[in-house]
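# What the coordinates show
If you want the building blocks of each chain, they are given just below.
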Amino acid sequence: MEFDKYYSPLAEEALMAKCRRIRHVALDMDGTIYLGSRLFDFTNRFLEDLTEMGICFSFLTNNPTKSVDDYLKKLGGMGIDVTREEMYTSSVAAIDWLREKMPAARRLYVVGTPSMEEEFRNAGYELIEDDPENMPHCLVVAFDTTLTYRKLCHASWLASQGVPFIATNPDRVCPTDRKTVLVDCGSVCKAIEHATGRIPDAVIGKPNPDMLAGIAYRNHLKPEEIAMCGDRIYTDVATARNHGSLGVLVLSGETTLETALSSDPVPELIAENVAVFAELLRRAGE
């Protein structure tokens, strides 16, 4: 199959009808609007295009290594002006989950970065050290670039003792423009599972549809009025599918065209990048 900027298994008329309904675009970040520390050349023009078309946007990320404030600083440093209300990270989603599902939980053992730990402390949680005499109410495992063997061993021990266990996101690796593999939360959880036989009781981030349900609630939107753009089928596109929204897979990050076309089901829209999606939204609105 010849790929010319985008592909959809839908008929062109059906694709345009879906694009015509879109009032809000939820954006993955790493691999979608930037890669590592490099902002894509088309990102700012894409955001301007959405604003010109009267389409709102927000940023959803499964990457919990930074707090919301840190993400605001990072995006601001890249020239993107964004408010706290437009940011939703998997660590914020985990805090929301704990408040709803485990309201009595106050003490946590967190496998996460100092920035993520600060997010939890600011939310009122006590983060305990790796002391077997001080048991937490919940074990929270995340993408942790400061992970140590000691942390991993204690988290595994807590899991083996039946402590409630949640993961912030299922990602196996984090996209990067560096010559390395950034081992993400899903792979850390696999290590814990292999050591203990225990899997997380809940995985909070994408593809959990609650990541989009919050956006729909805050903005009074129907699922079909939201498009989720991202570079991963098993998180971004799956989130859209689980929520009944339009899933847009972009090829600027982790997923190749060959992988996308061989997936089951094939994403409703595969685009070279978000700029191509903006072109489709503009054409649908003409």
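As the structure is a computational prediction, the values presented were derived from the model and not from experiment.

## Here we look at the overall build of the protein chain
Along its length, the protein chain carries 11 helices and 16 strands. Its C-alpha atoms give the protein chain a radius of gyration of 19 Å, near enough to 19 Å, the size a compact globule of 286 residues would have. Its C-alpha atoms give the protein chain principal-axis dimensions of roughly 65 × 35 × 35 Å. Among the 286 residues that make up the protein chain, the fraction classed as buried is 53%. Excluding contacts between residues fewer than 6 apart, the proportion of contacts in the protein chain whose partners are at least 24 apart in sequence is 69%.

## Describing the layout of surface pockets
Volume-wise, the largest pocket comes out at about 450 Å³. If you go around the largest pocket, you meet 22 residues; those closest to its centre are Tyr88, Val92, Ala93, Asp96 and Arg218. When contributions to the lining of the largest pocket are tallied by element, the ones reaching two or more residues are strand E6 (87–89), helix H4 (90–101), helix H5 (114–122) and helix H8 (210–219). Per-element accounting of the lining of the largest pocket gives the leading share, 7 residues, to H4. For the lining of the largest pocket, the residue count by class is 11 nonpolar, 3 polar and 8 charged. Empty space within the second largest pocket amounts to approximately 250 Å³. In terms of lining, the second largest pocket is formed by 18 residues, of which the most central are Asp30, Asn63, Lys66, Arg178 and Leu182.

## Section: the side chain of Thr113
Relative to the helices and strands, Thr113 is located in the loop between strand E7 (107–111) and H5. Non-local contacts of Thr113, meaning those with residues more than four positions away in its chain, are made with Pro64, Thr65, Phe143, Asp144, Thr145 and Thr146.

## Describing the sheet that holds strand E13 (residues 202–203)
Strand pairing in a sheet relies on backbone hydrogen bonds, with the paired strands running either antiparallel or parallel. Pairing within the open sheet is parallel, and its 5 strands lie in the order E8-E7-E9-E10-E13. The open sheet has two edge strands, strand E8 (126–127) and E13, and neither has a second partner. Where E7 meets strand E9 (residues 138–141), 4 bridges bridge the pair, whose relative direction is parallel. Residue pairing across strands places Tyr109 opposite Leu139, the latter belonging to E9. Packed on one face of the sheet, H4 meets E7, E9, strand E10 (165–167) and E13 and runs near 150° to E10. Helix-sheet contacts for helix H6 (residues 149–160) involve E7, E9 and E10, and the interaxial angle to E7 is about 135°.

## Points about the side chain of Lys151
Secondary-structure assignment places Lys151 in helix H6. Once residues lying within four places of it in the same chain are set aside, the contact partners of Lys151 are Tyr109, Val111, Gly112, Asp144 and Thr146.

Parameters and conventions
Residue indices follow the written sequence of each chain, beginning from 1 at its first position. The predicted nature of this model means local features are confined to residues of pLDDT at least 70 and side-chain atom pairs, given and counted, to a pLDDT of 80 or more, with totals for whole chains, interfaces and linings taken over all residues. The basis for every side-chain value is the complete set of non-hydrogen atoms in the structure, without hydrogens or water. Helix numbers and strand numbers start at the N terminus; a helix is a DSSP run of H or I with at least 4 residues, a strand a run of E with at least 2. Our radius of gyration is a C-alpha quantity, and the globule rule it is checked against amounts to 2.2 Å times the number of residues to the power 0.38. Burial here depends on accessible area, computed with a 1.4 Å probe over protein chains only, as a share of the maximum for the residue type. Under 20% is buried, over 50% is exposed, and the range in between is partly exposed. Two residues form a contact once any of their heavy atoms are found within 4.5 Å. Method remark: on a 1 Å grid restricted to protein atoms, a set of points is classed as a cavity if a 1.4 Å probe fits but cannot get out and as a pocket if it is open with protein on both sides within 12 Å along at least five of seven lines; lining residues have an atom within 4 Å of a point. Grid points are joined across faces, edges and corners, and a volume is the space filled by probe spheres set on the points. Only Asp, Glu, Lys and Arg are considered charged in this grouping, and only Ala, Val, Leu, Ile, Met, Phe, Trp, Tyr, Cys and Pro are considered nonpolar; every other residue, Gly among them, is considered polar. Pairing between strands requires that DSSP locate at least two bridges from one strand to the other. Only the stretch in contact is used when fitting a helix axis, every axis being a line fitted to C-alpha atoms; angles between N-to-C directions are given from 0 to 180 degrees.

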